[in-house]
Amino acid sequence: MGDLLREPLTAGNALLFLLAAAGLLLIVLGFVTYAIYFERRVIGWMQLRVGPNRVGPLGLLQTVADIFKLLIKEDTIPRKADRALFVLAPVLAYVPAFAVLAVIPYTSGLYFADLNVGLLYYVALSSMTTLAIVLGGWASNNKYALLGGMRSAAQMISYEVPLVMSVVGVVMLSGSMNLRSIVAAQGDWFWQWHFLPQLIGFAIFVVASVSELNRTPFDLPEAESELVAGYHVEYSGFRFAFFMLTEYVYVYAIAALTTVLFLGGWHPPAPFLDIVPGLIWFVLKFALVVFVLFWLRATFPRLRVDQLMGFGWKVLLPLALLNIFVTAAYMELWIK
Amino acid sequence: MIRTEELLLNVGPQHPSTHGVFRIIVKLDGEVITEATPVMGYLHRGTEKLAENLTYTQIIPYTDRMDYVAAMTNNYVLCYAVESMMGLEVPERAEYLRLVVMELQRIASHLVWWGTYLLDIGAMSPFLYAFRDREKIIDLFNELCGARLTYNYMRVGGVKWDAPEGWLDKVRDLIPYMEEKLKEYDRLVSGNEIFLARIRGVGAYDAQTAIGYGLSGANLRCTGVDWDLRKNAPYSLYDRFEFEVPTGERGDCHDRYRIRLEEIRQSLHILRQAMAQFPEPGPTMGKVPRVIRPPAGEIYAAIESPRGELGCHIVSRGKAEPYRLKFRRPSFVNLQILPKLLVGETMTNLITILGGIDIVVGEVDC
């Protein structure tokens, strides 16, 4: 892919790009299908349950059946909903979720876009989804959805700030916002990856990204026991599926981003392990992050809105600023 | 200027956290509640009126359906009231069986509360752990009387069935198992920072308010009032056992949480003593006339159910059916403080506070 990007754009190249994008879409859809299955099995195992095991061998087709069910369900739009916005919201939520994947490098050669502001691109696009969630909550003309949408707006804005701040340290250390250069800047041994020198940044990033994903313990926008389902309470059928899809595509994106920024991307943990291809290492680290996200869901209760805000602004943000300062001081005193 | 409006939000009767068909109409200013109006009666079945045309034995299954999470104590309060009225003697073994099932029931009921409360707070796993352990108790009940929820086990003057072979040993085995699991619960949940942040200082009131509202059970004891009918007005055989009544200090949801977990421990303590001195096989029904006709008069008998003071007021005119029957249901009485507690709280705390009161809608509506 890397060489292809440097060639001039011809009709043949454009077709190849389209095919590659379609391929990525299929991979992402496959990931979502089996991430949901994996999540249900993992949580089932942690909660002394069995989890899906009836549809297909070991229940592997459960999610396929679920999606098919959503496809053939009646598509209801509440009469007093704002039709245009109601229809727009799921699309607006999904498009940026898929678009951010363009900048993720999987190996030194396998990537879709080589943006010098890759990190910025990710952060900027992913905040568009907040808009879609608020829109969906508002357009549904449902009070629970509205509360969910409002919570989501407040939460995502508050946690985007520490999220961005937490990666500044990484950017400073690698001297680039290009995700490929960031991976390249991380050393060969696993203790040279950014998660150790940037331990505070890593911790803040993990917390803030779980919050961005609206997952437990930050699942307030769709807090089931309070807001029933939150912003997508009025959505059914395929529109609902789109919101779910968005959520899991972001799981994919955040897990990939964590791998790239902090866990050394495609680097093996030690130089002599490079007989195993980089893609395998990437997938392993990626799977670990995904597993931790699911694990959290089985473990934690939910925060309250005011506590969530207080935590974001009063704890994470100062810590992130401190991290930038410490990193800068470290670079000034030691590296120079 | 931005024009803002209060939001009128209807919580329930179909809502995942109102524990059945309970409804609250709240006025919201942002996420802050300015007014809360509980609406109850969706599960009203007219038990008290129905009872007026039923014999006392026939009323017992109706009591199962009041507090369906703790049916054994409901059985007991009716039998206890009628027995007190008629001055009936209950055989020792029957009384022990009653006490054992009531304490098992208290544990099972508190486990349901613990699980669902954590579910309300947003943690899913504890719910399944609690139900795993409650299942053991339900299985014991199933073996004893053939039902898992609505037991219809007690009778005026005794119990319907003696314990089957090996049942008592199973209860003995359950005690160390539950004690072990309680430690696990504490390790998993009780110290969780998020959980503590959610329940500490939430829904607090003082002893005066609690007494003023007629609260009982953990809702009263959390304010530091040491009041447990098992100690203060002993019924059954509770005066033979040693146990502590846990009390709180701050009267908030955290105190109620601690008290309920501690009550499970104390119930296990009682069970252990009861199993040690359990009487030899003997009759499980006292000498009861074929038709139960309490003498004309009135009685109010009260016991400590898992939720608080469960009372039964019978007015008899010497007939086989009660002239008037009234249950004092702790869920209903404890719920009365809800509108007062909710004002000024957020939507999230509504769920925390409502869950902390521990209502069973079957008992609220009766």
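Residues numbered from 1 in each chain as written. Chains lettered and ligands numbered in written order. Predicted model: local features only at pLDDT ≥ 70, side-chain atom pairs only at ≥ 80, totals over all residues. Heavy atoms only, no water.

Draft legend 1. View of the overall build of chain B. Secondary structure summary: chain B contains 15 helices and eight strands in total. Relative to the compact-globule value of 21 Å for 366 residues, chain B shows a C-alpha radius of gyration of 21 Å, a close match. Judged by the C-alpha coordinates and their principal axes, chain B covers about 80 × 45 × 35 Å. Here chain B, with 366 residues, has 61% of them falling under the buried criterion. Summed over all atoms, the accessible surface of chain B reaches about 14,100 Å², with 52% contributed by carbon and sulfur. Of the side-chain charges in chain B, 43 are positive and 48 negative, and the distance between the mean point of each set is 4 Å. (Helix = DSSP H or I, 4+ residues; strand = E, 2+ residues; numbered from the N terminus. Rg over C-alpha atoms; globule rule 2.2 N^0.38 Å. Buried < 20%, exposed > 50% of the residue type's maximum accessible area, 1.4 Å probe, protein only. Areas by Shrake-Rupley, 256 points an atom, 1.4 Å probe, with all protein chains shown as cover. Lys, Arg positive; Asp, Glu negative; His and termini not counted. Charge placed at Lys NZ, Arg CZ, Asp CG, Glu CD.)

Draft legend 2. Layout of the environment of I137 of chain B. Residue and element names in this part refer to chain B. For I137, the position within the fold is in helix α5 (residues 125-145). In this structure I137 comes out as buried when scored by relative accessible area, which is 0%. With 29 residues separating them along the chain, I137 and A108 place their C-alpha atoms 6.5 Å apart. Once residues lying within four places of it in the same chain are set aside, the contact partners of I137 are L104, I107, A108 and L174. (Contact = heavy atoms within 4.5 Å.)

Draft legend 3. Up close: the layout of surface pockets. In this structure, the second largest pocket spans a volume of roughly 670 Å³. Lining of the second largest pocket is provided by 21 residues; of these, W138, L146 and M150 of chain A together with E5 and L7 of chain B occupy positions nearest its centre. Residue assignment for the lining of the second largest pocket shows that the elements contributing at least two residues are α6 (128-139) and α7 (143-174) of chain A together with β2 (23-29) of chain B. The element that contributes the greatest number of residues to the lining of the second largest pocket is α7 of chain A, accounting for six residues. Within the lining of the second largest pocket, the residues separate by chemical class into nine nonpolar, five polar and seven charged. (1 Å grid on protein atoms, 1.4 Å probe; cavity = no way out; pocket = protein on both sides within 12 Å on 5 of 7 lines; lining within 4 Å. Points joined across faces, edges and corners; volume = space filled by probe spheres on them. Nonpolar A, V, L, I, M, F, W, Y, C, P; charged D, E, K, R; others polar.)

Draft legend 4. Representation of the sheet that holds strand β7 (residues 308-316) of chain B in the model. All names here are of chain B. Taken in spatial order, the three strands make up an open sheet running β6-β7-β8, and their pairing is antiparallel. The sheet is open, and its two borders are formed by β6 (297-305) and β8 (324-328), each paired with just one other strand. For this sheet, the mean angle separating the axes of adjacent strands, direction not counted, is 10°. With five bridges connecting them, β7 and β8 associate as antiparallel partners. When the bridges of β8 are listed, G311 appears paired with R328. Along the sheet, helix α3 (residues 71-86) contacts β6, β7 and β8; its crossing angle with β6, the most-contacted strand, is approximately 145°. (Pairing = 2+ DSSP bridges. Axes fitted to C-alpha atoms, helices over the stretch in contact; angles between N-to-C directions.)

Draft legend 5. Fine view of the UniProt feature "transmembrane region" (unreviewed entry) in chain A. Residues and elements named next belong to chain A. UniProt feature "transmembrane region" (unreviewed entry): in the numbering of this structure it lies at residues 14-37, 85-107, 119-140, 161-179, 191-210, 248-266, 278-296 and 308-331. Helix makes up 91% of residues 119-140 and strand 0%, whereas the separation of the span's terminal C-alpha atoms amounts to 33 Å. Across residues 308-331, helical content stands at 100% and strand content at 0%; the span's end C-alpha atoms are separated by 33 Å. (UniProt positions renumbered as here; feature names shortened; annotations may be inferred.)

Draft legend 6. The arrangement of the sheet that holds β2 of chain B in detail. Read from one edge of the open sheet, three strands run β1-β2-β3 (chain B), paired in antiparallel fashion. Looking at the sheet topology across the chains shown, the edges are occupied by β1 (7-11) and β3 (32-39) of chain B. Ignoring which end each strand starts from, the neighbouring axes of this sheet average 20° apart. As defined by bridge partners, β2 of chain B adjoins β3 of chain B across seven bridges and the pair is classed as antiparallel. Within β3 of chain B, the position partnered with K27 of chain B by the bridge is E35 of chain B. Docked against the sheet, α7 of chain A engages β1 and β2 of chain B, running at close to 110° with respect to β1 of chain B. Of the strands in this sheet, β1, β2 and β3 of chain B are in contact with helix α14 (residues 347-357) of chain B, which crosses β2 of chain B at around 150°.

Draft legend 7. Here's a closer look at the nonpolar core. Among the nonpolar cores identified, the biggest contains 124 residues, and L104, Y153, W167 and I314 of chain B are the most heavily contacted of them. For this core, the leading source of residues is helix α4 (residues 92-121) of chain B, giving 16 residues. Those residues in contact with Y153 of chain B that lie beyond four places of it in its chain are M72, N75, L97, V101, L144, C145, V159, K160 and W161 of chain B. Counting residues in each nonpolar core, the second largest holds 66 residues, with I36, L101, F195 and A253 of chain A among its members. (Core = buried A, V, L, I, M, F, W, Y, C linked by side-chain atoms within 4.5 Å.)

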